[in-house]
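Structure assessment
Listed below, chain by chain, are the residues.
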Amino acid sequence: MNHPEMFDDDLPPLQTALDNRMLQRQLENSIEKYFYQDCDSRTKLLLSKCEWYITVNANAVVLTIECPDSVTNWRILQNLIKIGSVLENLESAKIRVCPPPGTGTPFEMRVKEIFVYRDSL
């Protein structure tokens, strides 16, 4: 971003973007820690077979679970109610379950929709 008509004092500080990103990552790490602590041992075992992480953006907290194989993907989907119930207290939380590459499209669900699945069981 080059603004020759502006003085250096008029430009936004470069450090602000870095500071914001660091704070966002700290928030994501904290949510990941508390999420994992609240999971039962079976859910922790399932998650240990996957790559998973939490991101925070302006619209939602998103738990992304990347499954290494179709069997694990199916087990994660079967336990989605239990996984989602850990995130129920977060406003606008979502879960995205990604199957192995080349085997389908990610399944995404808002945590607030869990009651639909819970009530149908």
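Scroll up a little and you will see the structure.
Now for a look at the structure at hand. (Residues numbered from 1 in each chain as written. Predicted model: local features only at pLDDT ≥ 70, side-chain atom pairs only at ≥ 80, totals over all residues. Heavy atoms only, no water.)

Before going further, it helps to examine the nonpolar core. Residues Phe35, Leu63, Ile65, Ile76, Ile83, Leu87 and Ile95 are the most contacted members of the largest nonpolar core, which totals 22 residues. Breaking this core down by element, the ones donating at least two residues are helix H1 (14-38), helix H2 (41-48), strand S1 (51-56), strand S2 (61-66), helix H4 (80-86) and strand S3 (93-98). Those residues in contact with isoleucine 65 that lie beyond four places of it in its chain are Leu47, Cys50, Glu51, Trp52, Ile76, Ile83, Ile95, Arg96, Val97 and Cys98. (Core = buried A, V, L, I, M, F, W, Y, C linked by side-chain atoms within 4.5 Å. Buried < 20%, exposed > 50% of the residue type's maximum accessible area, 1.4 Å probe, protein only. Helix = DSSP H or I, 4+ residues; strand = E, 2+ residues; numbered from the N terminus. Contact = heavy atoms within 4.5 Å.)

Now for H2. Buried residues of H2: Thr43, Leu46 and Leu47, and no others. The buried side chains of H2 occupy one side of the element, clustering within an arc of 95 degrees when seen end-on. Of the exposed residues in H2, those oriented more than 90 degrees away from the buried face are Ser41, Arg42, Leu45 and Ser48. (Arc of directions from axis to C-beta.)

Turning next to the sheet that holds S3. Strand order in the open sheet formed by four strands is S1-S2-S3-S4, and the pairing between neighbours is mixed. Bordering the open sheet on either side are S1 and strand S4 (107-110), each of which pairs with just one other strand. Each adjacent strand pair in this sheet contributes to an overall mean axis angle of 15 degrees, direction not counted. Judged from the six bridges that link them, S1 and S2 form a sheet pairing that is antiparallel. Across the sheet, residue valine 56 finds its bridge partner in S2, namely valine 61. (Pairing = 2+ DSSP bridges. Axes fitted to C-alpha atoms, helices over the stretch in contact; angles between N-to-C directions.)

So, about the side chain of threonine 64. Structurally, threonine 64 is set in strand S2. Ignoring anything within four residues of it in the chain, the contact list for threonine 64 reads Glu51, Trp52, Tyr53, Arg96 and Cys98.

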